[in-house]
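Overview (structure and organization)
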Amino acid sequence: MYERIRMLREDRHLSQAAVAKILCVAQTTYSDYERGKLNIPIPTLIRLSQLHNTSIDYLLGLTDERAPYMRCRDIGA
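Looking only at helices and strands, the protein chain has 5 helices and 0 strands in total. Written out in order from the N terminus, the α and β elements of the protein chain read α-α-α-α-α. In summary, the protein chain has a C-alpha radius of gyration of 13 Å against a globular reference of 11 Å for 77 residues, a match within 12%. Overall, the protein chain is about 40 × 25 × 20 Å in size when its C-alpha atoms are taken along their principal axes. Counting across all 77 residues of the protein chain, residues that qualify as buried make up 32%. Put simply, 45% of the contacts in the protein chain that link residues at least 6 apart link residues at least 24 apart. Split by element, the accessible area of the protein chain, about 5100 Å² in all, is 52% carbon and sulfur. Charge separation in the protein chain, taken as the distance between the mean sites of 11 positive and 9 negative side-chain charges, equals 7 Å.

A few words on the pattern of salt bridges. Note on pairing: side chains with opposite charge can pair once their charged atoms come close. The tally for this structure, following the rule as stated, stands at 6 salt bridges. Put simply, Arg9 and Glu10 hold a salt bridge, and the shortest N to O gap is 3.9 Å. A relative accessible area of 9% means that Arg9 is categorised as buried. As a salt-bridge pair, Glu34 and Arg9 come within 2.5 Å of each other at their nearest N and O atoms. Note that Glu34 is positioned in helix α3 (residues 27-35) and Arg9 in helix α1 (residues 2-11), a separation of 25 residues in sequence. Across this residue pair, the class does not change: Glu34 and Arg9 are buried. Several salt bridges converge on common partners, so that one network encompasses Arg6, Arg9, Glu10 and Glu34.

Soluble globular proteins tend to pack their nonpolar side chains together in the buried interior. Judged by nonpolar contacts, the single largest core of 13 residues is most densely connected at Ile5, Val19, Tyr30, Ile40, Leu48 and Leu59. Counting only elements with at least two residues in this core, the list comes to α1, α2 (16-23), α3, α4 (42-51) and α5 (56-60). Among residues more than four places away in sequence, those in contact with Val19 are Arg9, Leu14, Tyr30, Leu48 and Leu51.

Turning next to the packing of α2 against α4. Relative placement of two packed helices is described by the angle separating their axes and the distance separating the axes. Where α2 meets α4, the axes come as close as 10 Å, and the angle between the chain directions of the two elements is 120°. In terms of axis orientation, α2 runs oblique to α4. You can see that α2 and α4 cross each other, and the crossing is right-handed. On the side of α2, the interface is formed by Val19, Ile22 and Leu23, while α4 contributes Thr44, Arg47, Leu48 and Leu51. Here the contact of α2 with α4 is built from residues that sort into 5 nonpolar, 1 polar and 1 charged.

Criteria and thresholds
Residues numbered from 1 in each chain as written. Predicted model: local features only at pLDDT ≥ 70, side-chain atom pairs only at ≥ 80, totals over all residues. Heavy atoms only, no water. Helix = DSSP H or I, 4+ residues; strand = E, 2+ residues; numbered from the N terminus. Rg over C-alpha atoms; globule rule 2.2 N^0.38 Å. Buried < 20%, exposed > 50% of the residue type's maximum accessible area, 1.4 Å probe, protein only. Contact = heavy atoms within 4.5 Å. Areas by Shrake-Rupley, 256 points an atom, 1.4 Å probe, with all protein chains shown as cover. Lys, Arg positive; Asp, Glu negative; His and termini not counted. Charge placed at Lys NZ, Arg CZ, Asp CG, Glu CD. Salt bridge = Lys/Arg side-chain N within 4 Å of Asp/Glu carboxyl O. Core = buried A, V, L, I, M, F, W, Y, C linked by side-chain atoms within 4.5 Å. Axes fitted to C-alpha atoms, helices over the stretch in contact; angles between N-to-C directions. Parallel < 35°, antiparallel > 145°, perpendicular 65-115°, else oblique. Left-handed = near helix turned anticlockwise from the far one by under 90°. Nonpolar A, V, L, I, M, F, W, Y, C, P; charged D, E, K, R; others polar.

Okay, here's the thing in structure tokens:
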């Protein structure tokens, strides 16, 4: 998971400080997330998935499908 959040950040040419600001955490906290030194809180995982337009499953390494899942309201159900 930690490699994925770093890779996604780098793909968007964002600094750790920029992502930390978006997440409202210190840059050192975000750095610890990327290095696996801190567990990422669920609300932060949600925000990361929104920021990178992907699913939490992708962030966690449960799928290799990078596209976010469709929500029921997105398909008219």
